[in-house]
Amino acid sequence: MKIKIKKISFEQLQKIKLKKYHRPIRPLFILRFLVNLLSKKELKDINFSYTKTDMDKLKKFEPCLILMNHSAFVDLKIFFKIWSPLPFNIICTDDGFVGKYWLMRHLGCVPTVKFQSDPQLVKDMIFCIKKLRDSVLMFPEASYSFDGTGGAIPDNIGKLIKLLKVPLVIIKTEGAYLHDPLYNNLQQRKINVSANVKYVLSKEDISKLSESEITSIVKKEFTFNNWEYQFKNNILINNLSRADGLNRVLYKCPNCGCEGKTIGKGIYLECENCGEKHELTPEGYLKCINGDTKFKTVPEWYNYERQEIIKDIKNNTYKLDLDVDIYVLANYKAIYKIGDGHLTHTIDGFDLVGCDNKLHVKQGPLESYSLYSDFYWYEINDIICICDKHYHYYCVPKNAKDVVAKARMAAEEIYKIKKESLK
């Protein structure tokens, strides 16, 4: 999916009318019908099926909160298939509305800022449930999985569930990540995808449990590993492009320690610096073909990178220093390209300077528990996004390769360390 881009100056950006707030509305039935119709071919190609667990406990028209794991764009098509014809609203990132505001609103989408506290969103969710009598779908990970395992879940999810006072349903897909992993540049594989729709907590359960107990239940439900699912089910991915872009996730060579030198192409991941070469096998394992295999799976290697980041943070040596192109979300008419700048990330947070020093934005380490970073964002490039009160700033690195996964992990670990230090 692409997005409308408009090139303007920093001065022109200051004159643009900012986005206006509108209350959520109930989705149009005809649009939900069309989404289901347009989704049929892909769902048939992936042989989609789903099961239900204890869903008889949910009354037919009873609103509930639905939490769903986020693996690929097909997730929304899956949800429409499962939940229609019942009405629902969808919590959606702001940039999803650009160039299609009317459509998204009438599909029942509610905009929000990823990974940050949003009091208005809570009010909107209560409005959807109490006034519109709609269920609400939320992806608590807020972004696609990079390595095929569960993403960061906010610690206040239990508080939100307590506030909403409606049953909790969790939908977990299996195979969606294998069908369309984010690192692979939208190259889909023909993999069977399934889902389980599970009634997890009743209103009575929620009233008896503490916020922390509910958060623990949700985090446990969102602990999963798509690669283990592949191993256990003997799923073979014979696509000759299965390692394309894998360097975005596995950016640090465990043999020589160099970063940004791995190249994922075809079925191989190779380090340009030391020449160590791994095959991503059809079974989903990593096999070093000219040395010792240090990590047999993608999540093991990804966790190694996270541990290296933690060491750097604790040693006060972690720093990202990037020249970037700057894109801005100010309203829903377009994404505005306003020039270039410099982005740094340290234990003190993000600092963006650009447009001949006219722009200066800081995002502190406790402002966001994770980071909106993305691969192949709207088919443009890999991005790191930070925010201030009025704008989203999407930064495309110019002089560095494969840094957005590192930035996300670092933001998460810095947040944890800073939060713990406050205690």
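Going by the structure above, here's the rest.
First, a word on what this report is: a plain description of the structure on this page. (Residues numbered from 1 in each chain as written. Predicted model: local features only at pLDDT ≥ 70, side-chain atom pairs only at ≥ 80, totals over all residues. Heavy atoms only, no water.)

**Looking at helix H12 (residues 404-422)**
With 19 residues, H12 should cover 27 Å at 1.5 Å per step; its first-to-last C-alpha distance of 27 Å lies within 8% of that length. Within the span of H12, buried status applies to Val 404, Ala 405, Lys 406, Ala 407, Arg 408, Met 409, Ala 410, Ala 411, Glu 412, Glu 413, Ile 414 and Tyr 415. Against helix H11 (298-314), strand S13 (320-329), strand S14 (335-346), strand S15 (349-354), strand S17 (372-377) and strand S18 (381-387) lie the buried residues of H12. (Helix = DSSP H or I, 4+ residues; strand = E, 2+ residues; numbered from the N terminus. Expected span 1.5 Å × (residues − 1). Buried < 20%, exposed > 50% of the residue type's maximum accessible area, 1.4 Å probe, protein only. Contact = heavy atoms within 4.5 Å.)

**Section: the packing of aromatic side chains**
Counted under the stated rule, the structure contains 17 aromatic pairs. Ring plane angle 70 degrees and centroid distance 5.9 Å describe the contact between Tyr 177 and Trp 227, whose orientation is recorded as edge-to-face. Here Tyr 177, found in helix H7 (residues 176-179), pairs with Trp 227, found in helix H10 (residues 226-232); they are 50 residues apart in sequence, far enough to count as distant. Ring geometry for Phe 231 against Tyr 285: centres 4.1 Å apart, planes inclined by 5 degrees, an arrangement best described as stacked. In this pair, Phe 231 is assigned in helix H10 and Tyr 285 in the loop between strand S11 (277-280) and strand S12 (286-288), connecting sequence segments 54 residues apart. Residue Tyr 285 is classed as partly exposed on the basis of its relative accessible area, which comes to 36%. Through a chain of ring-to-ring contacts, three or more aromatic side chains come together here, namely Phe 79, Phe 80, Trp 83 and Phe 88. (Phe/Tyr/Trp six-rings, centres within 6.5 Å; stacked < 30°, edge-to-face > 60°.)

**Re a positive patch on the surface**
A cluster of basic residues, Lys 4, Lys 6, Lys 17, Lys 20 and Lys 333, forms a positive patch on the protein surface. Secondary-structure assignment places Lys 20 in the loop between helix H1 (10-15) and helix H2 (29-45). (Patch = residues over 30% accessible without salt bridge, like charges linked within 9 Å, V, L, I, M, F, W, Y side chains within 5 Å. Areas by Shrake-Rupley, 256 points an atom, 1.4 Å probe, with all protein chains shown as cover. Salt bridge = Lys/Arg side-chain N within 4 Å of Asp/Glu carboxyl O. Lys, Arg positive; Asp, Glu negative; His and termini not counted. Charge placed at Lys NZ, Arg CZ, Asp CG, Glu CD.)

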